[in-house]
Amino acid sequence: MKRVKMYVWIAVLTMMGLSATAQNRLIIEADRGEYTINRHIYGHFSEHLGRCIYGGYWVGEDSDIPNTRGIRNDVVQALKDIRIPNLRWPGGCFADEYHWMDGIGPREKRPKMINTHWGGVVEDNSFGTHEFLDLCEQLDTEPYITANVGSGTVEEMSKWVEYITFDGESPMANLRRENGRDEPWKVKFWGIGNENWGCGGNMTPDYYADLYRHYATYTRDYGGNRLYRIACGANGGDYNWTETVMKNAGRHMQGLSLHYYTVPKHWGDKGSATDFNEQEYFTTIEKTLYMKELIAKHAEVMDRYDPQKRVGMIIDEWGTWYNVEPGTNPGFLYQQNTLRDAIVAGINLNLFNARCDRVQMANLAQTVNVLQSVVLTDEEKMILTPTYWVFYLYKVHQDATLLPVSLTSTKYRHGDREIDAVSVSASKDAEGKIHITLVNADPNNEQRVDTRLVGASVSKVRGKVLTSGKINDYNSFEEPSKVTVSDFNGATLSCDNLTVTLPPKSLVLVELR
Ligand code: AHR
């Protein structure tokens with residue numbers, strides 16, 4: 001009789017879309033951390049594309065929008081609050097047709113160009129090297145500059161490095177002084193081309209590897225500025241690109257990039273950012289999880305040529321890519337951002353943390369008003385997207401020690417397909433606090449995660465949660481705080497056992513002290 005009652009109860013819960021018992025088991029080895037999670041994994045990317053630079057950061061000194069030397073204060077403050085560690089600029093595809101000398105000197109004298117990749121609009125070069133480096137100083141973040149290999153020259157890149165970083169007497173350092181900047185800047189991260197297998201010149205890996213060596217030779221370390229040269233890496237699963245570039249040029253680089261975007265449908269019709277069903281949601285998460293395989297397989301190739309793991313894997317473009325918002329310029333890549341995007345971000349960041357032995361940097365595409373943004377603006381208004389709140393929660397992992405975890409996750413099933421419902425990452429910070437970030441991708445079922453903490457001496461638990469009523473909820477200019485973080489009360493600690501109950505479609509940060 002009892003058993004019949006239990007079956008009835010399970011059937012009722014199943015009909016309600018809830019499961020009775022979650023079987024997520026997690027072990028965290030709190031005393032066995034080996035690798036540091038490089039804070040640069042939490043980096044960002046901003047291109048001269050649509051309203052990212054113009055309108056997003058740059059409004060000009062005469063704007064009514066509160067700004068400091070032309071850069072909007074609200075966006076700077078929002079990004080400082082999530083402690084962005086680096087900012088990649090000026091592209092993207094734009095980088096390989098950008099001539100930096102057009103963006104220095106008096107603004108009214110700077111030449112104009114056509115931004116052929118992105119909407120064919122006129123680029124007036126009012127935001128150039130000085131403005132970008134001022135932005136980085138205001139943000140207290142490290143610049144990451146990508147130089148033009150596709151349509152530029154070795155001389156042009158070499159002079160750019162000299163202009164920015166040389167502290168002595170030289171033609172370029174003197175030109176910088178004439179343009180109002182006496183002291184050199186420190187710029188460590190330099191990308192040598194972008195997507196040179198595609199928009200950056202349609203090159204073969206052999207040709208690019210030779211070109212990379214040529215460029216790398218003439219980009220110098222001046223004074224105390226030691227360059228971290230990042231070679232253009234593969235498009236998704238192109239392991240041959242990684243193989244060839246590592247074999248021919250691996251010893252000349254400090255980093256090798258990787259680009260992978262989550263596109264729910266296909267490049268012709270990528271799917272809507274806000275109007276999607278569970279089928280499309282499931283596919284988005286499934287495609288996000290492909291990142292795990294990509295990292296593992298590219299790392300395997302890198303290991304063959306660089307077993308010491310000297311060369312960092314730099315995932316300098318990642319995120320969701322949907323159809324643009326209806327009625328907006330197709331070349332501007334403006335898309336809304338829902339709770340689905342937050343789940344995608346949380347899973348990706350957990351995957352990057354897990355491979356911080358090799359992944360040294362990652363850059364979400366793109367910070368403001370383009371693709372999976374953290375901030376959206378409309379004239380003087382600004383909103384924070386669900387993805388913003390993920391970076392807000394996860395900032396605790398920056399420069400913390402990764403703790404080994406072993407997770408047995410229940411499955412999130414849709415039709416005849418299934419994926420892990422739960423994703424997790426744990427780290428210990430300099431003060432000894434343990435932070436666990438958990439994602440429940442399952443939109444229908446809560447997940448109880450029974451956790452054993454090995455080697456931890458903690459007695460206090462608290463947390464934050466990011467969730468919302470619907471998976472396609474988003475923040476709009478009319479309703480800016482629909483999807484936001486709140487206190488989390490679903491974690492209980494008893495000796496070395498921690499139980500966390502994750503709401504459906506949620507991200508949770510647990511802090512243990
Ligand atoms: O982020 C948008 C574009 O995507 C970048 O310019 C390019 O590198 C990639 O194809």
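Above this text you will find the structure in question.
Quick caveat: nothing in here was measured; it's all calculated off a predicted structure.

(A) Summary view of the site of the ligand. By nearness alone, every residue bordering the ligand is listed as F45, E47, G92, C93, W118, N194, E195, Y261, E317, W321, Q366 and L371. Y261 is positioned such that a nitrogen or oxygen atom in its side chain is 2.7 Å from an oxygen atom of the ligand. At 2.7 Å, a side-chain N or O of E317 approaches an oxygen atom of the ligand. Taking 280 Å² as the accessible area of the ligand by itself, protein coverage stands at 94%. Of the residues that constitute the shell around the ligand, the class distribution is 6 nonpolar, 3 polar and 3 charged.

(B) Local environment of the layout of surface pockets. In this structure, the largest pocket occupies an estimated 560 Å³ of space. Around the largest pocket, the lining is made up of 22 residues, and of these K292, N350, L351, A354 and V424 lie nearest the centre. Among the secondary structure elements, those contributing two or more residues to the lining of the largest pocket are α8 (278-305), α9 (339-354), β17 (405-408) and β20 (422-428). Top element by residues in the lining of the largest pocket is β20. It accounts for 5 residues. When its residues are assigned to classes, the lining of the largest pocket shows 13 nonpolar, 6 polar and 3 charged.

(C) A look at the state of the cysteines. As enumerated under the stated definition, the model contains 1 disulfide in all. As a non-bridged cysteine, C52 has C136 as the owner of its nearest cysteine sulfur, 12 Å distant. According to the relative accessible area criterion, C52 is buried, its value standing at 0%.

(D) View of the side chain of T274. Following the sequence through the fold, T274 ends up in the loop between β11 (255-262) and α8. Here T274 is in contact with Q336, T338, N472 and Y474, once residues within four sequence places are set aside.

(E) Inspection of the pattern of salt bridges at higher detail. Applying the stated rule across the entire model yields 34 salt bridges. Two residues, R226 and D221, come together in a salt bridge whose shortest N-O distance is 3.2 Å. You can call D221 partly exposed: its relative accessible area is 30%. One network of salt bridges, in which partners are shared, links D303, D306, K309, R355, D357 and R358.

(F) Main features of the packing of aromatic side chains. Counting across every chain of the model gives 25 aromatic pairs. Between Y261 and W321, the ring centres sit 4.8 Å apart and the planes meet at 75°, which makes this aromatic pair edge-to-face. Here the residue Y261 occupies a position in strand β11, and W321 occupies one in the loop between β12 (312-320) and α9, the gap between them amounting to 60 residues. Seen in terms of ring centroids, W389 and Y392 are 5.1 Å apart; in terms of plane orientation they differ by 75°. Their pairing is edge-to-face. Here W389 pairs with Y392, and both are found in helix α10 (residues 386-394), just 3 residues apart, close to one helical turn. Assessed through its relative accessible area of 31%, Y392 is described here as partly exposed.

Rules and cut-offs
- All residue numbers refer to position in the chain's written sequence, counted from 1.
- It should be noted that, the model being predicted, local features are given only for residues of pLDDT at least 70 and side-chain atom pairs only at 80 or more, the latter also being counted only at that level, while totals for whole chains, interfaces and linings use all residues.
- Just so you know, side-chain values use all the structure's heavy atoms and leave hydrogens and water out.
- Here a residue counts as near a molecule or strand whenever at least one of its heavy atoms sits within 4 Å of it.
- Distance and chemistry together define a polar contact, namely a pair of N or O atoms within 3.5 Å, with one atom able to donate a hydrogen and the other to accept it when in protein, and with adjacent residues in sequence counting only for side-chain atoms on both sides.
- Computed by Shrake-Rupley with a 1.4 Å probe, the accessible areas treat only the displayed protein chains as cover when residues are assessed.
- Put simply, Ala, Val, Leu, Ile, Met, Phe, Trp, Tyr, Cys and Pro go in the nonpolar bin, Asp, Glu, Lys and Arg in the charged bin, and everything else, Gly too, in the polar bin.
- Only protein atoms enter the 1 Å grid, on which a cavity is a set of points fitting a 1.4 Å probe that cannot get out and a pocket is an open set with protein on both sides within 12 Å along at least 5 of 7 lines, lining residues being those with an atom within 4 Å of a point.
- Grid points are joined across faces, edges and corners, and a volume is the space filled by probe spheres set on the points.
- Going along the chain from the N terminus, every DSSP run of H or I of four or more residues is numbered as a helix, and every run of E of two or more is numbered as a strand.
- Here, a disulfide means two cysteine sulfur atoms that sit within 2.5 Å of each other.
- For the exposure calls, accessible area comes from a 1.4 Å probe over protein chains only, and a residue counts as buried if that area is under 20% of its type's maximum, exposed if over 50%, partly exposed in between.
- Any pair of residues with heavy atoms lying within 4.5 Å of one another is described as a contacting pair.
- Any Lys or Arg side-chain nitrogen located within 4 Å of an Asp or Glu carboxyl oxygen qualifies as a salt bridge.
- Two rings from Phe, Tyr or Trp (for Trp, the six-membered ring) form a pair when their centres are within 6.5 Å of each other. A pair whose planes differ by under 30 degrees is stacked, one over 60 is edge-to-face, and the rest are tilted.

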